[in-house]
Amino acid sequence: MELAKIWGWWLVLICGVYLVRPSVCDMVLEMMERKEFVLISAWLSIFLGVPTVIFSSGIKELTALGILFTLNGLIRLAYPELMVKKAPLLRKYKQIPLSISALGLIYGLWLLVNYR
């Protein structure tokens, strides 16, 4: 339950900032054009995903989120050049990452409401 609250607040805050201040999203996408940042974000994603899977206490939604973050990190770690190539496209079509952020915000709110 506590892990669901932590993820809920984290998603609401991060995704909310991206939606309220799209320039922050653009700044992160600009950093994604550098391989070093992609590798750092890959490790961060793995370090967030694996403990979430381990400590999700059978909550399917958290397990799925942990798996998603872990797979994302592993793919970025294995193919950092792919993200470096895709980042300019995502900057050009910023509505794609902003739509993902909107879904993340909704999911975070859902976690907060359902796991008080």
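Residues numbered from 1 in each chain as written. Predicted model: local features only at pLDDT ≥ 70, side-chain atom pairs only at ≥ 80, totals over all residues. Heavy atoms only, no water.

### A few points about the packing of helix α2 (residues 22–31) against helix α5 (residues 80–92)
And step 1. At their nearest, the axes of α2 and α5 sit 8 Å apart, and the two run at 160° to each other. On the basis of the axis angle, α2 is roughly antiparallel to α5. Seen along the crossing, α2 lies across α5 with a hand that is left-handed. Mapping the contact onto sequence places D26, L29 and E30 in α2 and A87, L90 and R91 in α5.
And step 2. Classifying every residue of the contact of α2 with α5 gives three nonpolar, no polar and three charged. (Axes fitted to C-alpha atoms, helices over the stretch in contact; angles between N-to-C directions. Helix = DSSP H or I, 4+ residues; strand = E, 2+ residues; numbered from the N terminus. Parallel < 35°, antiparallel > 145°, perpendicular 65-115°, else oblique. Left-handed = near helix turned anticlockwise from the far one by under 90°. Contact = heavy atoms within 4.5 Å. Nonpolar A, V, L, I, M, F, W, Y, C, P; charged D, E, K, R; others polar.)

### Description of the environment of L109
And step 1. Structurally, the position occupied by L109 is in helix α6 (residues 95–114).
And step 2. L109 sits in the partly exposed class, given a relative accessible area of 41%.
And step 3. For the pair L109 and V84, spaced 25 residues apart in sequence, the C-alpha separation works out to 31 Å. (Buried < 20%, exposed > 50% of the residue type's maximum accessible area, 1.4 Å probe, protein only.)

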